[in-house]
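Fold and geometry: a report
The lines below spell out each chain.
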Amino acid sequence: MIGSARSLLFVPGSRPDRFESAARSGADLVVIDLEDAVAPEARPAARASTRQWLARSPAVVRVNGAEIDDHQADLEALAGTAKLVAVMLAKAETADQIGHVHHRLGVPVLPLVETPNALEGIRALARHEAVPRLVLGTLDLAAALGAQPTWDSLLAIRTQLVIASAAAGIASPVDGVTVALDDDETVRSDVRRAAEIGLHGKLCLHPRQVPLVHEALRPTADELAWANGVLAAGGAVARFEGQLVDPPVRVRARAILARAGQREE
């Protein structure tokens, strides 16, 4: 489920009253946040609430980065919880940091790529055995680079994550947040553009973004018709709608059907 998750919805660990509604939002994964969404003085209570939730309901948990004092306390709070799906490691930079979290908790680790050092070591992060996919932290990374957190300004970085993931043989990366909470078309546009270059997951800040993400990632009727037509064309090399059909084209067609939950007929 981690590798195929389309929507990952953040909910502050300091707001346990919102955990249930997040779980009912339709998001593929709920991410309880112990980092940026929680003031330092509120983190002990947030850890306790998160631990109680994980005793009966599944969630991913974003923990503070390895260089932050709260990091070890976060890991201690999560140790032994029954329903911890994965840990999202804020400001992940090295394979050793990932290994430490995985050894401590025994669950997959989703590294948030949001620092220049992470970009320099991106291939090592992607190749760690505990990592099912990479996650882009757009806001922190843009701030660290002195860039605007726009889609175009981070296009080259998004491409780096896609290449590193493909080379490591892991699932496609998860794109960062869209902060426009009331602009549905901006969310849809961000998701579609990300999918065009190979990012097939999205971090969500609000439950209303979840169905928009799913809608934008769902193949259109025309795409499905094209994929089925391509796969119905016989021979090693064929022709469909005036275009060449060869093995790489069929790979793309099968990926479209897979995203729609369909199989090749």
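Described below are features of the structure shown in this document. Here the structure is a predicted model, which is why all the values come from computation and not from measurement. (Residues numbered from 1 in each chain as written. Predicted model: local features only at pLDDT ≥ 70, side-chain atom pairs only at ≥ 80, totals over all residues. Heavy atoms only, no water.)

A look at the environment of L29
Checked against the element boundaries, L29 lands in strand β2 (residues 29-33). Ignoring anything within four residues of it in the chain, the contact list for L29 reads M1, I2, A5, S7, L8, L9, V60 and V85. (Helix = DSSP H or I, 4+ residues; strand = E, 2+ residues; numbered from the N terminus. Contact = heavy atoms within 4.5 Å.)

Details of the environment of I2
Secondary-structure assignment places I2 in the segment before β1 (7-12). For the pair I2 and G201, spaced 199 residues apart in sequence, the C-alpha separation works out to 9.8 Å.

Some thoughts on unusual backbone geometry
Backbone geometry places K91, a non-glycine residue, at a positive phi of 50°. We classify K91 as partly exposed; its relative accessible area is 27%. (Buried < 20%, exposed > 50% of the residue type's maximum accessible area, 1.4 Å probe, protein only.)

Describing the nonpolar core
In this structure, V61, L78, L84, V87, L105, L134 and L161 are the most contacted members of the largest nonpolar core, which totals 51 residues. Counting residues in hydrophobic clusters, the runner-up holds 16 residues, among them I2, A86, L110 and V135. (Core = buried A, V, L, I, M, F, W, Y, C linked by side-chain atoms within 4.5 Å.)

Side note on the pattern of salt bridges
Scanning the model with the defined rule gives 18 salt bridges in all. D152 is the salt-bridge partner of R193, the closest N and O atoms lying 2.5 Å from each other. In this pair, R193 is assigned in helix α9 (residues 184-196) and D152 in the loop between α7 (138-145) and α8 (155-168), connecting sequence segments 41 residues apart. Ionic pairing is found between E185 and R188, a salt bridge with its closest N-O pair at 3.4 Å. Taken as a pair, E185 and R188 lie in helix α9 at a separation of 3 residues, close to a single helical turn. Note on E185: relative accessible area 43%, which makes it partly exposed. Taken together, the shared-partner salt bridges in this structure form one network comprising D33, E35, R62, K91 and D140. (Salt bridge = Lys/Arg side-chain N within 4 Å of Asp/Glu carboxyl O.)

Looking at the side chain of R133
With respect to the helices, strands and loops of the structure, R133 is situated in the loop between α6 (122-127) and β6 (135-136). Despite its burial, R133 pairs with no opposite charge, the nearest such side chain being D28 at 7.3 Å. A distance of 2.7 Å separates a polar side-chain atom of R133 from the backbone oxygen of I2. Of note is the side chain of R133, whose polar atom sits 3.2 Å from the backbone oxygen of G3. (Lys, Arg positive; Asp, Glu negative; His and termini not counted. Polar contact = N/O pair within 3.5 Å; in protein donor to acceptor, adjacent residues only side chain to side chain.)

Let's talk about α9
Taking 1.5 Å per residue as the helical rise, α9 with its 13 residues ought to reach 18 Å, and the 19 Å between its terminal C-alpha atoms agrees with that figure. Those residues of α9 that sit buried are V187, R188, D190, V191, A194 and A195. All buried residues of α9 fall inside an arc of 160° around its axis, so they share one side. On its buried face, α9 sits against β7 (174-175), β8 (201-204) and α10 (209-217). Directly after α9, the chain includes G198, whose backbone phi takes a positive value near 110°. (Expected span 1.5 Å × (residues − 1). Arc of directions from axis to C-beta.)

Topic: the side chain of T81
With respect to the element layout, T81 can be found in the loop between α3 (70-78) and β4 (84-89). Excluding anything up to four places from it in sequence, T81 contacts R51 and L54.

Focus: the pairing of β8
Neither face of β8 is left uncovered, since the one carrying G201 and L203 and the one carrying K202 and C204 both have all their residues buried. As paired elements, β1 and β8 share 3 bridges and run parallel to each other. Counterpart to L9 in the pairing with β8 is C204. Regarding topology, α9 serves as the crossover connection from β7 to the parallel β8, and that connection is right-handed. (Pairing = 2+ DSSP bridges. Right-handed = clockwise from strand over helix to strand, strands pointing away.)

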